[in-house]
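Breakdown of the fold
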Amino acid sequence: MIVVLDVEKVEKKGLWKTISSWYRPYEINVRIKKQNKISVLYLQYRQYRGAINYKKLYPYTIGYPKTILCDPQLNLEYSPFQRFHDLSFQRHMMENFVHMLLRRLTAASGSHTVCFYDPMGEFPLMAGRLLKELPTLTVLTDMVRFYEIESERVQEESGAGFIITNSPERLSDCQILISPKRIINPLPLTSGTIVFTTERPSVPVKGIVITEYHPIYPYQYRRLLPKGMDETLFLSALYSLCGIKDLSKLIPVRCSDGYTVFSPDQLLSQGGLLRKSPPWTPENEPANFNVS
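Note that the coordinates shown come from a computational prediction; the quantities given were computed from them, not determined experimentally.

Definitions and cut-offs
- Residues numbered from 1 in each chain as written.
- Predicted model: local features only at pLDDT ≥ 70, side-chain atom pairs only at ≥ 80, totals over all residues.
- Heavy atoms only, no water.
- Helix = DSSP H or I, 4+ residues; strand = E, 2+ residues; numbered from the N terminus.
- Expected span 1.5 Å × (residues − 1).
- Buried < 20%, exposed > 50% of the residue type's maximum accessible area, 1.4 Å probe, protein only.
- Arc of directions from axis to C-beta.
- Contact = heavy atoms within 4.5 Å.
- Pairing = 2+ DSSP bridges.
- Axes fitted to C-alpha atoms, helices over the stretch in contact; angles between N-to-C directions.

**Looking at helix 5 (residues 144-158)**
Between its first and last C-alpha, helix 5 extends 20 Å over 15 residues, near the 21 Å set by a 1.5 Å rise per residue. Among the residues of helix 5, those classed as buried are Y147, E150, S151 and V154. What you see down the axis of helix 5 is that its buried residues fit within an arc of 110°, all on one side. Among the exposed residues of helix 5, those pointing more than 90 degrees away from its buried face are R145 and E156. The inward-facing, buried residues of helix 5 abut strand 6 (114-117), helix 4 (124-130), strand 7 (137-140) and strand 8 (162-165).

**A closer look at the sheet that holds strand 5 (residues 82-83)**
The five strands are arranged 2-3-1-4-5 in an open sheet whose pairing can be described as mixed. Edge positions in the open sheet fall to strand 2 (26-35) and strand 5, since each of these has one partner strand only. Relative to strand 5, strand 4 (residues 67-69) is paired through two bridges, and the arrangement is parallel. For I68, the partnering residue across the bridge sits in strand 5 and is R83. Packing of helix 6 (residues 231-241) onto the sheet brings it into contact with strand 1 (2-9), strand 3 (38-47) and strand 4, and relative to strand 1 it is tilted by some 150°.

**What to know about the pairing of strand 1**
The side chains of a regular strand alternate between both faces of the sheet. Bridging between strand 1 and strand 3 involves eight bridges; their strand directions are parallel. What sits directly across from V7, in strand 3, is Y45.

Below, the structure is given as structure tokens:
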């Protein structure tokens, strides 16, 4: 189940509307859409006057999750709701996009320096899957012994292993950095480094920092998408709240640093990694990509 809250602040024009807003400070409209086992509750709150009355919204959500999709600027403090925020789907999109780029780079230009940043040793399986596209992978982590054991296991399975370090200086010649979680410590990167992560770093980071990954929205879920809602956010809710796990196989066709939208070739050219090769198109990639 998914709950979507759309708040529309209605400007009062004219004396009569100003007076009527004192008697009717808000209006709530409710719609429910269902598709197979997916149920989406749409709450439209037309705000004429005063603060949002969450107590009046709450009864409509009985039996539904209190984790809702809404405007990121909406203040939910002191309300019975919390904003949906789950990066599981975004991490899948990041990983799928990186796999596609690494295949593209290997075919076009051969070697490139790729590093994986996992300070607490939380994503060893993702690191191991990246070795499918690489001869070796440098892992920067504080959990050195843990990754040494993991490297032995991976080598037995595939013959490839990790270069493990706890020294950030080893990233000085890194061309591509992959960080599944938010970067909270300074890293010695260059302005040409392409950084793949899922949230804006909390410290300044040099390079092209990609945080958004956008697949083609599947047509079978088009009718459920609320008007004006970010498609990737809604797909994330379908994945996490409704258990549509096949969505993790989608391959993003573009990415963004929050300011500029890049196609795969535009991103690689911007980072100086791809100069002469046939242009990339979505048709060159399979419709789905299974990283498991």
